[in-house]
Amino acid sequence: MTPKEKTAAYIARRQAVIEQLEQHLDKVPPAQRPVQQTVLRLLKKQVEILSQQ
């Protein structure tokens, strides 16, 4: 597996995690929502940065 293929696979896994977290956001206790939203924002930023490389 080339480094580009590894990065693509990693991005795909991150996107799957993002989708899963977004689907379950309404089930998160209100006190944990800001934490969940921060995690989502950071994951999206990570995917964005990796996609540009």
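Structure: above.
Bear in mind that the values here come from a model prediction, so they are computed numbers and not experimental data.

This part covers the overall build of the protein chain. Helix and strand content of the protein chain: 2 helices and 0 strands. Against the 2.2 N^0.38 benchmark of 10 Å for 53 residues, the protein chain shows a C-alpha radius of gyration of 13 Å, more extended than a compact globule. Considered along the principal axes of its C-alpha atoms, the protein chain spans approximately 40 × 15 × 10 Å. Counting only residues that meet the buried cut, the protein chain has 17% of its 53 residues in that class. Surface accessibility of the protein chain: about 4200 Å² in total, with carbon and sulfur atoms responsible for 57%. Each charge class in the protein chain was averaged separately, 9 positive and 5 negative side chains, and the resulting centres sit 6 Å apart.

As a further point, take the environment of Ile11. Mapped onto the elements of the fold, Ile11 is located in helix H1 (residues 3-23). For the pair formed by Ile11 and Leu43, sequence separation is 32 residues and the distance between their alpha carbons is 9.7 Å.

Okay, the side chain of Gln36 next. By the secondary structure assignment, Gln36 is in helix H2 (residues 33-52). Contacts of Gln36, omitting those with residues within four sequence positions, involve Leu21, Leu25 and Val28.

The rules behind each value
- For every chain, the first residue of the written sequence is number 1, and numbering continues from 1 along that sequence.
- Where local features are concerned, this predicted model is filtered to residues with pLDDT of at least 70; where side-chain atom pairs are given and counted, the filter is 80 or more; whole-chain, interface and lining totals use all residues.
- Think of the side-chain values as coming from all heavy atoms in the structure, minus any hydrogens and water.
- Each helix is a run of DSSP H or I of at least 4 residues and each strand a run of E of at least 2, with the numbering of both proceeding from the N terminus.
- For the radius of gyration, the atoms used are the C-alpha atoms, and the globule rule reads 2.2 Å times the number of residues raised to 0.38.
- In this scheme, a residue with accessible area under 20% of its type's maximum is buried, one over 50% is exposed, and one in between is partly exposed, where area comes from a 1.4 Å probe on protein chains only.
- Accessible surface area values rest on a Shrake-Rupley calculation with a 1.4 Å probe, where residue burial reflects the displayed protein chains alone.
- For the charge count, each Lys or Arg is scored as positive and each Asp or Glu as negative, with His and the chain ends excluded.
- Charged groups are reduced to one reference atom each: NZ for lysine, CZ for arginine, CG for aspartic acid, CD for glutamic acid.
- In this analysis, two residues are considered to be in contact whenever any of their non-hydrogen atoms come within 4.5 Å of each other.

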